[in-house]
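Descriptive structure summary
Here is how the chains run, residue by residue.
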Amino acid sequence: MAQKGVQLDREILISCPICLDLLKDPVTTSCGHSYCMKCIKGCWDGEDEKKIHRCPVCRQSFTPRPVLLKNTMLAALVEELKKTGSPPAPADHCYAGAEDVACDVCTGRKLRACKSCLVCLASYCDQHLQPHYESPVFKKHKLAEPSKKLQENICSRHDEVMKLFCRTDQQSICYLCSVDEHKGHDTVSAAAEAKRTERQRELEGSRRNIQQRIQDGEKEVKLLQQEVEAVNGSADKAVEDSEKTFTELIRLMEKRSSDVKQQVRSQQKREVSRVRELQEKLEQEISELKRRDAELKLLLSHTEDHNQFLLSYPSLPALSEATHSSSINIRPLSYFEDVTAALSAVRDKLQDVLREEWTNVSPTEVDVLLSAAEPTTRAEFLQYSQEVTPDPNTANTYLVLSEGSRKATFMEKRQSYSSHPDRFTGCYPQVLSRESLTGRCYWEVEWRGGGVFVAVAYKDTSRAGGGSVFGHNDKSWSLVCKQNSYSFRYNRILTPVSGPPSSRVGVYLDHRAGVLSFYSVSEAMTLLHRVQTTFTQPLHAGLYLCYNCGDTAEFCKLK
């Protein structure tokens, strides 16, 4: 346990409450809190006009502005930890959040309480709880789970612990109440009243009822699970059968298509052959007629020579019978329109059948939203590229926007921006995008310097205090990028991330499927971290710069 206390002390000592990173040039205020020199100077620079400077943690005010000197002891400790390679614990690993019970003994930033004492009426963290375990003085104290309602045990009239119960008025009272306004009433100790048989039977009955409801609920859960399995099995079978049925239909249609094609080509060949035969016969007759015409022309040229004409005339052969026009069946040009019409009729009938009978296949309208597979190459990601630009109305006053408002730069001094309800305040240099993101989106961030938080957040994420930092609440998700490491933050929980260092990070969002993925962008796309959740609102891209003045991050122009 002592080792755990040392670990907590080290976390408090070496983490800056502003940038949430290892202390750089540590300084300590007179109230006992330590910061990076640049971080606290940046905060106080913005308060110079008010001439009152406050500690960002405990809000103690200083007038005039204190002169801060480097804390050599802390600096030496930080350097020693860097040499040994012992990584600092996350800055808010055991600190109390808004929903937690805070330790009543801790000063400054309070740790999360692990027990509450019903005698002391105070809550304690692991470190400050030790006397209750080790000292005989606290042996009879009763410990319980951390509670925010301890003060309800204090009498509002006499400011004493209410250890008695007035059965006459059915309320808890203190000792002074029993000799004052409750004098002569039927009073007992609160412990005795709590142990009354009737109340115990009532509580036991309630407990049995709860246990029965738990059993009934568990049975219903099992039944629902069985129903889920039945639905899944039935759906899988229906999909399998539908695939087989449609495959058979497709094969049948392909067979019919092949038969129709073969029949049309065969008929085409017969018709062309018949027409060719008639064409050749007519061409022969025409040639014969032309020859006879030439002979008659020659004969007629000798009509003056009567003897020669009379000798030639009997030798002329008779004309062969002409091919009758009825044998040449000239059809309209649209030889196979009847085939097309028949196929169109079949198509219309099939569509009518599918339209009329589909309700029997799918009696209820089911909207199945299937997420398409996530891209793997950068070219595939770029198909979903999204225009993303910072919203100046949300930019913290320590940021300057440039490059067509695409680039954010961390400045040492505050900028003079107009007040706006969407602006991030305090010492947290972050900004959200103008564009709301839904559907499937992809964008890239190019960064330079000590590091950046590449984030997404809901529009209504907090704008003030430490809880507004991306990844420190349940309305934002952030990938923390440093020179040689990555980590992921959500709702104050830090997850280490491994991957190749890169100055460009790609973000892929499938809002409907609840997928958020971060990639290291280089020659290949390397997945750094993927989130699978349910997004309840449109998202906005975010940037957070908190390491060195001059650090930059830019939403890249991909189109």
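Looking up the chain in an unreviewed UniProt entry gives the name Tripartite motif-containing protein 16-like, with the organism given as Gymnodraco acuticeps.

Before going further, it helps to spend a moment on the pairing of strand 17 (residues 486–490). Of all 5 residues that make up strand 17, 4 are buried, and the element is covered over most of its length. In this sheet, strand 17 lies alongside strand 16 (residues 476–482) in antiparallel orientation, the contact comprising 5 bridges. The residue of strand 17 that forms the bridge with Ser478 is Arg489. Linkage of strand 16 to strand 17, two consecutive antiparallel strands, is achieved through a turn of 3 residues.

Looking now at the sheet that holds strand 10 (residues 187–189). In space, the 3 strands of this open sheet follow the order 9-8-10, with antiparallel pairing throughout. Among the strands making up the open sheet, the edge pair consists of strand 9 (171–173) and strand 10. Across the sheet, the axes of successive neighbouring strands diverge by a mean angle of 35°, strand direction being ignored. As paired strands, strand 8 (residues 164–166) and strand 9 are joined by 3 bridges and run antiparallel to one another.

To continue, consider the state of the cysteines. The tally for this structure, following the rule as stated, stands at 1 disulfide. Each sulfur in the disulfide pair Cys43 and Cys427 lies 1.7 Å from the other. Here Cys427 lies in the loop between strand 12 (407–410) and strand 13 (430–432) and Cys43 lies in helix 2 (residues 37–45), a separation of 384 residues in the sequence. Take Cys43 and Cys427: they sit in the same class, and that class is buried.

The next subject is the sheet that holds strand 20 (residues 515–521). The strands that make up a sheet are held in pairs by hydrogen bonds between backbone atoms, and each pair lies either parallel or antiparallel. With respect to topology, 7 strands assemble into an open sheet ordered 11-12-23-14-19-20-21, the strand pairing being antiparallel. For this open sheet the edge positions go to strand 11 (399–402) and strand 21 (525–532), each flanked by a neighbour on one side alone. On average, each strand axis in the sheet is inclined to that of its neighbour by 20°, with strand direction left out of account. Where strand 19 (residues 504–510) lies against strand 20, 6 bridges are found, and the strand directions are antiparallel. Within the sheet, the bridge partner assigned to Gly506 lies in strand 20 and is Tyr519.

Both faces of the sheet carry side chains from a regular strand, because those side chains alternate between them. Counting buried positions along strand 16 yields 6 of 7 residues, so the element is predominantly enclosed. Pairing of strand 15 (residues 451–458) with strand 16 involves 7 bridges; the strand directions are antiparallel. Within the sheet, the bridge partner assigned to Val456 lies in strand 16 and is Trp477.

A word on the packing of aromatic side chains. Applying the stated rule across the entire model yields 12 aromatic pairs. Ring geometry for Phe381 and Tyr508: centres 5.6 Å apart, planes at 75°, overall edge-to-face. Of this pair, Phe381 sits in helix 10 (residues 378–382) while Tyr508 is found in strand 19, placing the two residues 127 residues apart along the sequence. Residue classification places Tyr508 among the buried positions, given a relative accessible area of 1%. Ring centres of Phe424 and Phe470 lie 5.6 Å apart, and the angle between their planes is 85°; on these two criteria the pair is classed as edge-to-face. Of this pair, Phe424 sits in the loop between strand 12 and strand 13 while Phe470 is found in the loop between strand 15 and strand 16, placing the two residues 46 residues apart along the sequence. Grouping residues by exposure puts Phe424 and Phe470 together as buried.

Residue position: Ser517 is located in strand 20. Look at Ser517 and you get buried, because its relative accessible area is 0%. A distance of 3.3 Å separates a polar atom in the side chain of Ser517 from a polar atom in the side chain of Arg530. Discounting residues that sit within four places of it in the chain, Ser517 has contacts with Glu374, Gly506, Val507, Tyr508, Leu527, His529 and Arg530.

Moving on: the pattern of salt bridges. According to the stated counting rule, one finds 21 salt bridges in the structure shown. A salt bridge links Asp259 to Arg256, with the shortest nitrogen-to-oxygen separation between them at 3.8 Å. With Asp259 and Arg256 both in helix 7 (residues 197–300) and 3 residues apart, the pair spans about one turn of that helix. Take Asp259: its relative accessible area is 21%, and that puts it in the partly exposed class. Arg256 sits in the partly exposed class, given a relative accessible area of 47%. A salt bridge links Glu444 to Arg504, with the nearest nitrogen and oxygen atoms 2.8 Å apart. Within this pair, whereas Glu444 is found in strand 14 (residues 440–448), its partner Arg504 is found in strand 19, the two being separated by 60 residues in sequence.

Criteria and cut-off values
Residues numbered from 1 in each chain as written. Predicted model: local features only at pLDDT ≥ 70, side-chain atom pairs only at ≥ 80, totals over all residues. Heavy atoms only, no water. Buried < 20%, exposed > 50% of the residue type's maximum accessible area, 1.4 Å probe, protein only. Helix = DSSP H or I, 4+ residues; strand = E, 2+ residues; numbered from the N terminus. Pairing = 2+ DSSP bridges. Axes fitted to C-alpha atoms, helices over the stretch in contact; angles between N-to-C directions. Disulfide = S-S within 2.5 Å. Phe/Tyr/Trp six-rings, centres within 6.5 Å; stacked < 30°, edge-to-face > 60°. Polar contact = N/O pair within 3.5 Å; in protein donor to acceptor, adjacent residues only side chain to side chain. Contact = heavy atoms within 4.5 Å. Salt bridge = Lys/Arg side-chain N within 4 Å of Asp/Glu carboxyl O.

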